[in-house]
Amino acid sequence: MIQTLLALETSCDDTSVALFQAKIDSTKNNPEWIKVYYHKVVSQYASHQPFGGVVPEIAARDHLAHVGTLIQEAVEMEKEKGIKIDACAVTLGPGLIGALMVGVLAARGFATARNIPLIGVNHVDAHLAPALLLHQFDSQSLNSEIACKQISYPALALTVSGGHCLMSILHSYEEREVIGKTLDDACGEAFDKVAKLLGLGYPGGPAIEKRAAEVPQPTIQFPSLIQDKSKNLVFSFSGIKTSVLLKAKELTNGANTADIKSLLSKAQINEICSAFQKAAIAQLIDRLKNALKEHVGIKNIVVAGGVAANQAFRKELENIGLPVHCAPLTLCSDNAVMIGIQALKIKKDGFTNHPFPRYLKA
Ligand code: KG4
Ligand code: ZN
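Residues numbered from 1 in each chain as written. Chains lettered and ligands numbered in written order. Predicted model: local features only at pLDDT ≥ 70, side-chain atom pairs only at ≥ 80, totals over all residues. Heavy atoms only, no water.

Undergrad: Is there a simple way to explain the sheet that holds strand β9 (residues 176–181) in this structure?
TA: Adjacent strands of a sheet form backbone hydrogen bonds with each other and so pair up, either parallel or antiparallel. Pairing is mixed in the open sheet, where five strands are placed in the order β9-β8-β7-β10-β11. Across the chains shown, the open sheet's two edge strands, defined by having one partner strand only, are β9 and β11 (324–326). For this sheet, the mean angle separating the axes of adjacent strands, direction not counted, is 20°. Pairing of strand β7 (residues 155–160) with strand β10 (residues 300–304), which is carried by five bridges, proceeds in the parallel orientation. Paired with Ala155 across the two strands is Asn300, which belongs to β10. Against the sheet, helix α9 (residues 266–294) engages β7, β8 (165–170), β9 and β10, with an angle of about 155° to β7. (Pairing = 2+ DSSP bridges. Helix = DSSP H or I, 4+ residues; strand = E, 2+ residues; numbered from the N terminus. Axes fitted to C-alpha atoms, helices over the stretch in contact; angles between N-to-C directions. Contact = heavy atoms within 4.5 Å.)

Undergrad: Could you clarify how one ought to interpret the coordination of the zinc ion (ligand 2) in this entry?
TA: Under ideal tetrahedral coordination, the four donors around a metal are separated by 109.5 degrees; under ideal octahedral coordination, the six donors are separated by 90 or 180 degrees. Here the zinc ion (ligand 2) is held by His123 (NE2), His127 (NE2) and Asp334 (OD), and the distances to it run 2.0 to 2.1 Å. Of note is the zinc ion (ligand 2), whose four donor atoms meet at the metal with angles of 94 to 130° in an arrangement that counts as tetrahedral. (Donors = N, O, S within 2.8 Å, 3.2 Å for Na, K, Ca; no water. Tetrahedral: all angles 85-135°; square planar, octahedral: opposite > 155°, others 65-115°.)

Undergrad: I keep staring at the site of ligand 1 and nothing clicks. Help me out?
TA: Near ligand 1 there are 22 residues, and of these Gly162, Gly163, Asp192, Gly205 and Glu209 occur at the shortest range. Taking Gly205, its main chain carries an N or O atom lying 2.9 Å from an oxygen atom of ligand 1. For ligand 1, whose free accessible area comes to 550 Å², the fraction covered by protein is 93%. The cavity that encloses ligand 1 is the largest pocket. (Near = heavy atom within 4 Å. Polar contact = N/O pair within 3.5 Å; in protein donor to acceptor, adjacent residues only side chain to side chain. Areas by Shrake-Rupley, 256 points an atom, 1.4 Å probe, with all protein chains shown as cover. 1 Å grid on protein atoms, 1.4 Å probe; cavity = no way out; pocket = protein on both sides within 12 Å on 5 of 7 lines; lining within 4 Å. Sits in = over half its atoms within 2 Å of the grid points.)

Undergrad: Explanation requested: the packing of aromatic side chains in the structure shown.
TA: What the rule picks out here adds up to two aromatic pairs. A centroid spacing of 5.9 Å and a plane angle of 80° characterise the contact between Tyr45 and Tyr202, whose relative ring orientation is edge-to-face. With a gap of 157 residues between them, Tyr45 in helix α1 (residues 45–48) and Tyr202 in the loop between α5 (187–197) and α6 (204–212) connect regions that are remote in the sequence. Taking 4.9 Å as the distance between ring centres and 75° as the angle between the ring planes, the aromatic pair formed by Phe191 and Phe276 counts as edge-to-face. (Phe/Tyr/Trp six-rings, centres within 6.5 Å; stacked < 30°, edge-to-face > 60°.)

Undergrad: Looking at this model, I keep getting lost on helix α11 (residues 336–346). Mind explaining?
TA: Most of α11 sits out of view: ten of its eleven residues are buried. Inspection of α11 places Ala336, Val337, Met338, Ile339, Gly340, Ile341, Gln342, Ala343, Leu344 and Lys345 among the buried residues, and these make up the whole buried set. Lining the buried residues of α11 we find β1 (2–9), β2 (14–23), β3 (33–43), β4 (87–93), β5 (118–122) and α4 (123–133). In this structure Asn335 caps α11, since a side-chain oxygen of it lies 3.1 Å from the backbone nitrogen of Val337. (Buried < 20%, exposed > 50% of the residue type's maximum accessible area, 1.4 Å probe, protein only.)

Undergrad: Can you help me understand the nonpolar core in this one?
TA: Counting residues in hydrophobic clusters, the biggest one holds 91 residues, and the most contacted among them are Ile34, Phe276 and Leu284. For this core, the element with the highest residue contribution is α9, accounting for twelve residues. The next biggest cluster of nonpolar side chains, apart from the first, holds 25 residues, and it includes Leu70, Cys88, Val104 and Ala107. (Core = buried A, V, L, I, M, F, W, Y, C linked by side-chain atoms within 4.5 Å.)

In C-alpha cells:
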C-alpha cells in the first residue's frame, strides 16, 4: 500500500512542511521506501539571534507568517505530481505552546477542508525516525525512492537537541522506553547558553563546533559528570555551564557576565569552546556506555536531534563498539520529514483520527 502524507512541524523555531509517499508492507514493521516530493524548513534563527535563544512569542508569529505559504507550495507539488494526500501529520508536542498551536490549527484546517485524517505526532519520538529508517537524505534525495533500512532491536537511542536530552531503549520500531533524562538543561541548550556567554550567537552548537575544531587538545578541562553512581543514566549540563562561566570570569579578572565576550581573546574563546564540547560529549558517551552495561543484548545505537549533527560527537560514537545509526545530517534538526515518517507508525489499521491535544479540546 502506498500512502501520501502532508506533514507539518512547528514545535520550536523551524517551520517545516513535507509532502511524501511511503510504501507500507504489512509484513514489515517499518516502511519499505519513502519518496519525498516537497520538503522545506524555514529557520527562524535571524529572528531569535539578537536574544541569544528562542523567544516563544516571536516563534509563534514567525510560524504564522510562513506555514500557509509552505502548505500552498506542497499542494502545488501535489497537483504537479498528480498524487493525492491521504492524511495530514502534525507535531502535537512537546514544544512551545504558541508555536505548536499554529501548526496544529493549520493541520486541523487542512484535514477538515480535505476531509482526511489528522495524525498527531510526538516530537521526541519523531526525531529518531529518520535515524532508524534513512541512510542519508539531502536535496538530491527529492523525488526518488529512498529504500528504508531495517535495524535489529533492542536498540539504545539518544535524542539530543535544544529541548531534549533523553536516552531510551527501543524494544521494537514502535516501542520506546525512556531510561535516562537530563536533570536540568538539554545538551543543545547548554551549547546555546555557552555560545551566548561567549558572544557566538544562536544557535550555539554549530558555532562552538567550528571554534572547537581550532583547538583539538584543549589545556582547560571542565568536569563532565555527576559523580553520584546512582545517577549513572542521568544527564546534567548545569555544572559544565557553571564551570565555563567561572573559567571565563577568571580569565577576565572577574568581569561582569555581559562583558565577558568582549574581553576574551579569540584564542581563549576557541579554547573554552573546545574544552566545553569535549566535556559535553564525554558525558553523552559515558551515559551511553553505562546504559549498555545495564541493559544487555543491545544491538544498535541510534542518535538523533540537533546535537547529533556534531562531527566530534559522531567520531566518539564510532568507538562504542556497536553499529551507530545517526539521523542524516539534514534531518538532525527539526523537520517535517521526521514528523511524517513517525506518523506512519501510528497508523495500523487506518489512521488515528483527530487526536487533538488537551489545549485544543472544546
Ligand atoms: O533538534 P533541534 O533542531 O531542536 C530541538 O528539538 O530542540 O536542535 C537544536 C539544537 C540547538 O540547541 C543547537 O545548538 C544544537 O541543536 N546543535 C548542535 C549542532 N547543531 C545544532 N549542537 C552541537 N553541535 C552541532 N553541530
Ligand atoms: Zn526537536
